[in-house]
Amino acid sequence: MRLSDFADGRDNNFSLIRIIAALTVLVSHTFPLAMGSGTADLVGPRLGMPLGTIAVDVFFITSGFLVTSSLLNRQSTLEFLWARALRIFPGHLVMLLLVVFLVGASLTTLSISDYLTSNAIYAYLAKCATLITGVIYELPGVFDRNPLPHVVNGSLWSMPFELKMYLILASVWAALGTARSLRAHGFTLVVAIFAAASGMFVLADHFWFHASRQFAHLFFMFFAGAACHVLRGRILLSRAWFLAFAATLFISSVDKDAFFVAYTCLLPYVLLFLAYVPTGVVRRYNMLGDYSYGIYIYAFPVQQSVVALVPGVSVRQLIVIAGIATTLISILSWHLIEKRALGLKEIFTVWSDNWRFTRFDGQDAPVQRPFCGPQRR
């Protein structure tokens, strides 16, 4: 069956894949946080990339696939951006406030008055709240004595890149709006070119340029996912192909360069097969909430806090303590903040419909929108 036969609903394993990826980031970060900068996880030296990098790539491929679906279903740049903002910023802003005024104020080596009157904490809030121009990693006197000192939330590094991908995708859609009859084909063509060109650049960079450009790498992962969505009618999800690709990844792991080529070319297919084809008990996870975002944004400061409060904590102890604490916080974040914020998506939809669809005589015109049902994200 083709990917298009699976991709029109929400019955998939993306939520399970994302929480596994988020927990993988937590595990990968545990080694340098407990043992100091430069300490890699157990897999990184063998594959040439840490587990955390693989997990972030999984996030970007998944995001590219799903948000492209959201944009095409909504058919509105503004609605798309509103939905993305509601998914990112409410939980993120609450996390920042807790980190600055609870974690930071409790664990800083400065006096509480010096800490709260420091311009640095408000610069941290302002910079990290917007994300688009980058983030700040330090708060005054916080985690200064940890094995990996000063860094409050290292996981935030990827979020400005994520927002930029959303803006690029929305800009392509908006730019093609001037030629509506060709928009769908033009959008497919541009997204496919973005994915192919960036993929070739990433491979060339690995072997010849050696610039290690994070933007190019994440751009490829995101648009590889987006390209898989726009070309879903042409992608065959075959168990035989999946097993062959998985075997290729495993065999190529004996050589870092060979693995990088196989990983770059095959990861999107392997990920999408796992997202849609396995069914049964794995789908039961969908009855729970989407806790992956909360785990991702809270894990690092929770881990740093545990290291600060429990001197000499081992890697294994840190994984268990921080894993449990972060999961509990992410559950609260989902149910109290993120899920409620996502319920505001349709407010903008109704407003934009009322604004755009009016008769020339000023009376409300009936709005005829394509039914998107549960596909709208």
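A quick note: this is a predicted structure, and the numbers were derived from the prediction, not measured.

**A look at the packing of aromatic side chains**
- Counting across every chain of the model gives 21 aromatic pairs.
- Their ring planes at 50 degrees and their centres at 6.5 Å tell us that Phe101 and Tyr122 sit as a pair that is tilted. Of the two residues, Phe101 sits in helix H4 (residues 77-107) while Tyr122 sits in helix H6 (residues 119-130), which places them 21 residues apart along the sequence.
- Residue Tyr122 is classed as partly exposed on the basis of its relative accessible area of 38%.
- Each ring, one from Phe245 and one from Tyr269, has its centre 5.1 Å from the other, and the planes form 85 degrees; the classification is edge-to-face. You can see Phe245 sitting in helix H10 (residues 239-252) and its partner Tyr269 sitting in helix H11 (residues 256-276), a full 24 residues away along the chain.

**Focus: unusual backbone geometry**
- Phi at Gln75 is positive, roughly 60 degrees, even though this residue is not glycine.
- Here Gln75 lies in the loop between helix H3 (51-74) and H4.
- On the basis of relative accessibility, which here comes to 41%, the residue Gln75 falls in the partly exposed class.

**Quick word on the confidence of the model for the protein**
- With 90% of its residues at a pLDDT of at least 70, the protein reaches an overall mean of 88.
- Low confidence marks residues 357-377, where pLDDT is under 50. Its contacts with residues over four positions away, or in another chain, come to 34 contacts.

**As for the pattern of salt bridges**
- Considering all chains together, one arrives at six salt bridges under this definition.
- The closest approach of N and O atoms between Arg283 and Asp11, which form a salt bridge, is 2.9 Å. Of this pair, Arg283 sits in the loop between H11 and helix H12 (292-309) while Asp11 sits in the segment before helix H1 (14-35), and the two are 272 residues apart along the sequence.
- Arg283 sits in the buried class, given a relative accessible area of 12%.
- In this structure, the salt-bridge partner of Glu79 is Arg74, at a minimum N-O distance of 4.0 Å. Taken individually, Glu79 and Arg74 each receive the classification buried, so the pair is uniform in this respect.

**Concerning H4**
- Between its first and last C-alpha, H4 extends 43 Å over 31 residues, near the 45 Å set by a 1.5 Å rise per residue.
- Taking the largest bend as the criterion, H4 deviates by roughly 30 degrees, centred on Val99.

Cut-offs applied
Residues numbered from 1 in each chain as written. Predicted model: local features only at pLDDT ≥ 70, side-chain atom pairs only at ≥ 80, totals over all residues. Heavy atoms only, no water. Phe/Tyr/Trp six-rings, centres within 6.5 Å; stacked < 30°, edge-to-face > 60°. Helix = DSSP H or I, 4+ residues; strand = E, 2+ residues; numbered from the N terminus. Buried < 20%, exposed > 50% of the residue type's maximum accessible area, 1.4 Å probe, protein only. pLDDT = per-residue confidence, 0-100. Contact = heavy atoms within 4.5 Å. Salt bridge = Lys/Arg side-chain N within 4 Å of Asp/Glu carboxyl O. Expected span 1.5 Å × (residues − 1). Bend = angle between axes of the 7 residues up to and from the residue.

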